[in-house]
Amino acid sequence: MRYLLTFLLLPGTAFAQGWGNVAKQAEPKGFSWTDPLWGGTWMAWTAATAALFIGIFAAMAVLVVLEIRWPGGAERRGILGLTTTRGDRLFITLLGSVYIFLAWLGLTDALLWTPLALAVLWGVFCFWKV
Amino acid sequence: MKTVNQKAWFFVLPVLLLVAFNALVPIMTVVNYSVQETFGNNQFFWEGLGWFQQLLRSERFHAALGRQFLFTGMILAIEIPLGIVIALSMPKKGFWVPVCLVLMALPMLIPWNVVGSMWNIFTLPGIGLMGYFLNEVLGIPYDMTQQPIAAWITIIVMDVWHWTSLVVLLCYAGLVSIPDAYYQAAKIDGASPWKVFRYIQLPKMRTVLTIAVLLRFMDSFNIYTEPFTLTGGGPGNSTTLLSIDLVKIALGQFDLGPAAAMSLIYFAITLFVSWLFYTLMTRDDQR
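Residues numbered from 1 in each chain as written. Chains lettered and ligands numbered in written order. Predicted model: local features only at pLDDT ≥ 70, side-chain atom pairs only at ≥ 80, totals over all residues. Heavy atoms only, no water.

### Here we look at the UniProt feature "transmembrane region" (unreviewed entry) in chain A
Residue and element names in this part refer to chain A. Taking the numbering used here, the UniProt-annotated feature "transmembrane region" (unreviewed entry) corresponds to residues 44–66, 87–105 and 111–128. In the segment residues 44–66, helix accounts for 87% and strand for 0%; the C-alpha atoms at its two ends are 33 Å apart. Structurally, residues 111–128 comprises 89% helix and 0% strand, and the distance from its first C-alpha atom to its last is 28 Å. (UniProt positions renumbered as here; feature names shortened; annotations may be inferred. Helix = DSSP H or I, 4+ residues; strand = E, 2+ residues; numbered from the N terminus.)

### Considering the nonpolar core
Residues and elements named next belong to chain B. Formed by 51 residues in total, the largest nonpolar core has its most connected members in Met205, Leu242 and Ile265. In terms of residue count, helix H9 (residues 193–221) provides more of this core than any other element does, 10 residues in total. Discounting residues that sit within four places of it in the chain, Met205 has contacts with Ile84, Cys171, Gly174, Leu175 and Phe197. Of all hydrophobic cores here, the second largest spans 17 residues; its members include Leu134, Ala150, Met158 and Leu241. (Core = buried A, V, L, I, M, F, W, Y, C linked by side-chain atoms within 4.5 Å. Buried < 20%, exposed > 50% of the residue type's maximum accessible area, 1.4 Å probe, protein only. Contact = heavy atoms within 4.5 Å.)

### As for unusual backbone geometry
With a phi angle near 60 degrees, A:Ala44 is a residue other than glycine that sits in the positive phi range. Looking at where A:Ala44 falls in the secondary structure, it is placed in the loop between helix H1 (2–17) and helix H2 (47–69). The residue B:Phe254 is not glycine, and still its phi comes out positive at about 55 degrees. Relative to the helices and strands, B:Phe254 is located in the loop between helix H11 (242–252) and helix H12 (256–282).

### Things to note about the interface of chain B and chain A
Contacts between the two partners involve 28 residues from chain B, matched on the other side by 31 residues from chain A. Taken together, the two surfaces of chain B and chain A that pack against each other cover about 2,600 Å², and 69% of this comes from carbon and sulfur. On inspection of chain B and its partner chain A, the count reaches one salt bridge. A salt bridge links A:Asp109 to B:Arg57; its shortest N-O distance comes to 2.9 Å. Scanning the region where chain B abuts chain A turns up 11 residue pairs in polar contact (both at pLDDT 80 or more). Elements with a minimum of two residues in the side of chain B that touches chain A: helix H1 (8–34), strand E2 (44–46), helix H2 (50–56) and H12 of chain B. With eight residues, the top contributor of residues to the side of chain B that touches chain A is H1(B). Of the residues that constitute the side of chain B that touches chain A, the class distribution is 18 nonpolar, seven polar and three charged. (Buried area = accessible area lost by both parts, 1.4 Å probe. Salt bridge = Lys/Arg side-chain N within 4 Å of Asp/Glu carboxyl O. Polar contact = N/O pair within 3.5 Å; in protein donor to acceptor, adjacent residues only side chain to side chain. Nonpolar A, V, L, I, M, F, W, Y, C, P; charged D, E, K, R; others polar.)

### Quick look at the pattern of salt bridges
Residue and element names in this part refer to chain B. Tallied over the full model, the rule gives six salt bridges over all chains. Salt-bridge contacts for Arg60 lead to Asp245; the nearest nitrogen and oxygen are separated by 3.0 Å. You can see Arg60 sitting in helix H3 (residues 59–89) and its partner Asp245 sitting in helix H11, a full 185 residues away along the chain. Between Arg216 and Asp159 there is a salt bridge, with the nearest N and O atoms lying 2.8 Å from each other. You can see Arg216 sitting in helix H9 and its partner Asp159 sitting in helix H7 (residues 148–176), a full 57 residues away along the chain.

### Comments concerning the UniProt feature "transmembrane region" (unreviewed entry) in chain B
Residues and elements named next belong to chain B. UniProt tags residues 69–88, 95–112, 118–138, 150–175 and 260–281 as "transmembrane region" (unreviewed entry). Note that residues 69–88 is 100% helix and 0% strand, and that its end C-alpha atoms are spaced 28 Å apart. Spanning residues 150–175, this segment combines 100% helix with 0% strand, and its end C-alpha atoms are found 36 Å apart.

### A look at the packing of H7(B) against H9(B)
Residue and element names in this part refer to chain B. Two elements in contact, H7 and H9, have axes whose closest approach is 8 Å; the angle formed by their N-to-C orientations is 150 degrees. Accordingly, the angle class assigned to the pair H7 and H9 is roughly antiparallel. Between H7 and H9 lies a crossing of right-handed hand. On H9, the residues touching Asp159, Trp163, Leu166, Val167, Leu170, Cys171, Gly174 and Leu175 of H7 are Gln201, Met205, Val208, Leu209, Ile211, Ala212, Leu215, Arg216 and Asp219. When the residues that make up the contact of H7 with H9 are grouped by side-chain class, the tally is 12 nonpolar, two polar and three charged. (Axes fitted to C-alpha atoms, helices over the stretch in contact; angles between N-to-C directions. Parallel < 35°, antiparallel > 145°, perpendicular 65-115°, else oblique. Left-handed = near helix turned anticlockwise from the far one by under 90°.)

See below:
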């Protein structure tokens, strides 16, 4: 009798949870940097990667504005013995940052604030001295 | 009065559009894929920088990268000096000039996968001319399907055969553009052939050599078709260069995320080495 009762009550527990909700995660609400944008398209945009490209294109736009305002690319010979323009310095900054982050990812599990700081310092160094 | 005409920008527009579609859109897509996981059907799951971390620590990637650098280093060390020597020994005028030029251009006209197949058949031990000759006539065991060393020799000889011509033609173009006055001055001063080479021919060839080294570096670093057709990356993994490994991960295993991360690291290496070559080889011009 006790077993029968338990058996009869089982569906009740399922009803309490709600049918069809098993193993379903609650839908996150609001903005997320890492969710697919526009419901997922083949280019697989997320807000985070979009921000990266917006940043790069914004930097290039700033260089264009600077070039129109002060033409000539601010060419000079830096401490590495290279003759660089503003565009060269941006290129060296970005490429160097890539390697700073890759080295960090390859060598440690620590958080990414340190390489971010290193990359910013590298950028300042590039625009100041290189 | 100086007139400023900005109309020329409009003529660049088609190229910009073309580059946007064949370079910019793909690379943005690769960046997006490299931080996500997908099982197809345009469903993506955020992965962060996990693929990069995994890849940078994987033995398989290190091995493929090492093989790639070994391959590129070896073919550059052979093709550049060999190309210069051949260009120096080619006739400068007369009947033989076009004959030499056409002979030199021939290997470059052959489609890459055909080059791979040709060398595959050529070096197979049972039926290939070279394979049969080495094994049966000279008695040297040579089987590029079984011995890693033989496979490496075959892909390197194949690349040298295919691409030394490019270095030759570029160097030759640099050589014939040197005015005779330089040689006459060298003769009057009694300069030795080595001095002529070191102080006249080599400096005059520097620009084209820069281009040759850059082109050969980028091409050989990204090489896929010929070794894939020839050895398929084997025996074992011994000739699995970076690009072959990349295709295995992307299309064989359909791991698009790791493959995208690998492509980006690959791209960063190519970009850095090309920049380094270019900067070092053009640095003297800026002084």
